[in-house]
Amino acid sequence: MGTGNEVVRMKSLVIASQKGGVGKTTVSLNLAYAFARAGYRTVLIDTDPQGAIGLSLSKSLTTRLGLADCVAGEATVDDVLVATKVDGFSIIPVGTVAPIETQSFGAAMADGTRLRGLLDALGSRFDLALVDTPCGFGGITAGALRACSHTVSPIQAEPISLRSVTQLLEMVKALGAEGEVAGVVGFLLSMLQTDDEASLQVARDVWEMFPRELLFDVSVPRDGVFLEATAAGVPVGLLRRPAPPVTHVFDLVASELARRMELDSARMVDGPQSLLD
Amino acid sequence: MAHSHSWIDLDELRSLVKDTAYRRVGLKDSPAVAPPSSPLVETVSPSARRDRMAAPQPGAEPVLERAPAPSRPLRSVRRATRPTLPNPDPNPGSGLPGSPPPVRASVVDPFLPIPGTLESRLEQLMVWACKVTGLARAYVADSEGLLVASFNAGANAVDDAAAAVELCARSVPADVGGADAGSITMVASERTHVIAWDLTRHGRTYLSLSGTVEPTPEALSTLSRALRDALR
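A quick note: this is a predicted structure, and the numbers were derived from the prediction, not measured.

A. Fine view of the overall build of chain A. Assigned secondary structure in chain A consists of 11 helices and 7 strands. Considering chain A as a whole, with its 277 residues, one finds that 64% of them fall into the buried category. Considering only intrachain contacts with a sequence separation of at least 6, the fraction spanning at least 24 residues in chain A is 80%. Counting every atom, chain A has about 10,000 Å² of accessible surface; 54% of that belongs to carbon and sulfur.

Structure, rendered in C-alpha cells:
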C-alpha cells in the first residue's frame with residue numbers, strides 16, 4: 001500500500017457493454033464517485049460521442065473542450081480536465097463531436113493509442129481512471145479495451161442482456177489475441193427488479209453461469225432515484241442528505257473492485273488506524 | 001431455468017470467461033509521468049478537425065505526454081466497381097434501329113425461403129444476399145443492434161461485425177426516417193457497406209453486407225423484403 005511518498009501507478013477501468021441502456025453511464029458516474037469518496041484520486045473519462053456523462057451532470061459539460069478535442073490535437077490534458085467539488089474527483093467530458101465527426105472520432109480511437117497517451121499523461125495525478133463507453137463494439141469501445149487495464153461489464157437483469165455478454169467476451173478475446181487488452185474483473189447486475197420474476201430469473205441465471213469471483217455481492221436495483229439524480233445532475237450519493245441507500249451499492253462495488261484491481265493510492269495509509277489519536 | 005438460454009453455449013461461455021478474466025491477461029499499468037504544461041497547440045479550422053482526428057499532422061507538436069503512434073492511414077474514398085451481371089435480355093439486338101440500346105433492369109433471383117429453423121433461414125438469406133449483391137460478408141442484427149448471425153465473416157469477424165452493428169445502431173436509428181423498410185449503401189476505403197432493414201415480426205431487424213463491389217439497385221431493392229420473408 002502507498003505510504004504517501006512512493007510513485008503510484010494508475011489503473012484504468014473501462015465500463016463496457018454491447019447492449020445499450022444497461023446502465024453503463026450510471027455505473028460509471030456513481031462508481032467513480034464512490035472511488036473518490038473512498039480516497040482514490042479518480043478521473044472519469046467520457047468517450048461516448050453523445051456525451052452521456054455530460055448530459056447526466058451539467059449542460060455546461062456538453063459544451064466544454066473534451067476528449068475529442070484532445071484527439072483532434074486542439075487541446076491539452078489540462079484544457080479538458082474538469083475538477084469537481086469532490087476532493088480528488090475529476091472528469092474529462094467527451095467534448096463536442098458533431099454527427100459528421102463521429103466516425104472519424106471512432107476511427108481515431110480504435111487502436112487505443114490516443115487514449116493510452118491520455119492515460120499516460122494522467123498517470124501521475126490519479127490512482128484510477130474510469131472510462132465510460134458508448135454501446136456496441138465500434139472503434140471507441142475497441143480502443144478503450146485496448147488502452148485500459150481492466151473491464152467491468154454491467155448486465156441488465158433482463159433476458160436479452162445475457163446475449164450481449166458472450167459478445168463482449170469474444171471481443172475481449174479477439175483483441176487479446178492481437179495484443180494487450182483490458183481483462184474482465186467483474187460483471188455487475190444492473191436494473192434488478194426484485195418484484196419481477198423475469199428479472200430475478202436472469203439474476204439467478206447469471207449466478208449459475210458465471211464464476212463467483214467475477215460477480216459482486218450486490219446488484220444495482222432499478223430505482224427511480226437514479227432518474228432523480230440524473231434530473232438533478234448529480235451522482236446519486238449527492239442527491240440528498242442522508243444519501244439514498246442505493247449509494248452504498250456502489251461503495252461496496254468500488255471496495256470489491258479495489259481489491260480485485262489491486263488498486264493503490266498514495267493518499268491512503270494501510271493497516272489499522274487508531275480510532276482515538 | 002438457468003439453461004433455458006439455448007443460444008448460449010455454456011461451455012463456450014466458461015471458456016471465454018477463462019480466457020478473458022483479468023488475471024489471465026496480465027496487468028498493464030500506466031507509467032507515472034509529469035503532467036503536460038503546453039497550452040493549446042494551435043487553432044485549426046473545423047474542416048481540418050476530422051482529418052486531424054483521423055491522423056496526426058506531420059510534424060505537429062504532440063498534445064499528450066507521449067506522442068501517439070501513427071494511427072491508421074487516412075482512408076481514401078472512391079467508388080467501388082459494380083459486379084458484372086448477366087444480360088437478362090435473351091435477344092440483345094432488339095430495339096428500334098438507330099436508337100440507343102434500352103436500359104434494362106438486372107434480373108435478381110428472388111429469395112425463396114426454405115422452411116426450417118430460424119438459423120437455417122438466416123443462413124439461406126445471407127448466402128442469397130451475398131450472391132445477388134456480389135458482396136462477400138453478411139450479418140444480421142436485431143432491433144437492439146445485437147449480432148444475430150453472420151456469414152463468411154473471416155478472421156476479422158469481430159471488427160467487421162462491430163462496424164456493421166454500430167452502423168445499424170448509430171446511422172439508422174429507429175426514429176430517423178420513419179421508414180419501416182429500406183437500405184443504405186456506403187462506399188469507403190475501397191469497401192462497400194450495405195445495411196438493409198425491415199420491420200419484421202421480431203421488430204426492426206437489420207441485414208448488413210460488405211464487400212468490394214457496388215450492388216445493383218435492383219439487388220438492393222430486394223433485400224428488405226427478403227429479410228422479412230426470412231423472419232416470417
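On we go.
B. Geometry of the sheet that holds strand S1 (residues 137-141) of chain B. Residue and element names in this part refer to chain B. Reading across the sheet, the 5 strands line up as S2-S1-S5-S4-S3 and stay open at both edges, with antiparallel pairing between neighbours. The open sheet has two edge strands with one neighbour each: strand S2 (147-151) and strand S3 (182-188). Between one strand axis and the next, the sheet turns by 15° as a mean value, whatever way the strands run. Judged from the 5 bridges that link them, S1 and strand S5 (residues 203-211) form a sheet pairing that is antiparallel. From the neighbouring strand, Ala 138 faces S5, where its bridge partner is Leu 209. Against the sheet, helix H6 (residues 217-230) engages S3, strand S4 (191-200) and S5, with an angle of about 40° to S4.

C. Molecular detail of the pairing of strand S2 (residues 42-46) of chain A. All names here are of chain A. Counting buried residues along S2, 5 of its 5 residues qualify, which places the element largely inside the surrounding structure. What you see with S2 is no split at all: Thr 42, Leu 44 and Asp 46 on one side and Val 43 and Ile 45 on the other are buried throughout. Here 4 bridges tie S2 to strand S4 (residues 89-92), and the two strands are oriented parallel to one another. Paired with Ile 45 across the bridge in S4 is Ile 92. When S2 meets strand S5 (residues 128-132), the two strands line up parallel, connected through 5 bridges. Bridge pairing in S5 links Leu 44 to Leu 130.

D. Representation of the confidence of the model for chain A within the structure. All names here are of chain A. On average, residues of chain A carry a pLDDT of 87, and 94% of them reach 70 or more. The weakest mean pLDDT in chain A belongs to helix H2 (residues 52-57) at 76; the strongest belongs to S5 at 97. Contacts from residues 1-6, a stretch scored under 50 in pLDDT, to residues over four places away or in other chains number 13 contacts.

E. Summary view of helix H4 (residues 118-133) of chain B. Residues and elements named next belong to chain B. Along its 16 residues, H4 runs 22 Å from first to last C-alpha, staying within 8% of the 22 Å computed at 1.5 Å per residue. All buried positions along H4 are accounted for by Arg 121, Leu 122, Gln 124, Leu 125, Met 126, Trp 128, Ala 129, Cys 130, Val 132 and Thr 133. Here the buried face of H4 lies against S1, S2, S5 and H6. Looking at the residues trailing H4, positive phi occurs at Gly 134, about 80°.

F. Fine view of the pattern of salt bridges. All names here are of chain A. Applying the stated criterion across every chain, the model contains 12 salt bridges over all chains. A salt bridge links Glu 178 to Arg 146; the shortest N-O distance between them is 2.6 Å. Taken together, the positions of Glu 178 in helix H8 (residues 161-178) and Arg 146 in helix H7 (residues 139-147) put the pair 32 residues apart, joining distant regions of the chain. Taking the relative accessible area as the measure of exposure, Glu 178 reaches 53% and is therefore exposed.

Calculation criteria
- Residues numbered from 1 in each chain as written.
- Chains lettered and ligands numbered in written order.
- Predicted model: local features only at pLDDT ≥ 70, side-chain atom pairs only at ≥ 80, totals over all residues.
- Heavy atoms only, no water.
- Helix = DSSP H or I, 4+ residues; strand = E, 2+ residues; numbered from the N terminus.
- Buried < 20%, exposed > 50% of the residue type's maximum accessible area, 1.4 Å probe, protein only.
- Contact = heavy atoms within 4.5 Å.
- Areas by Shrake-Rupley, 256 points an atom, 1.4 Å probe, with all protein chains shown as cover.
- Pairing = 2+ DSSP bridges.
- Axes fitted to C-alpha atoms, helices over the stretch in contact; angles between N-to-C directions.
- pLDDT = per-residue confidence, 0-100.
- Expected span 1.5 Å × (residues − 1).
- Salt bridge = Lys/Arg side-chain N within 4 Å of Asp/Glu carboxyl O.

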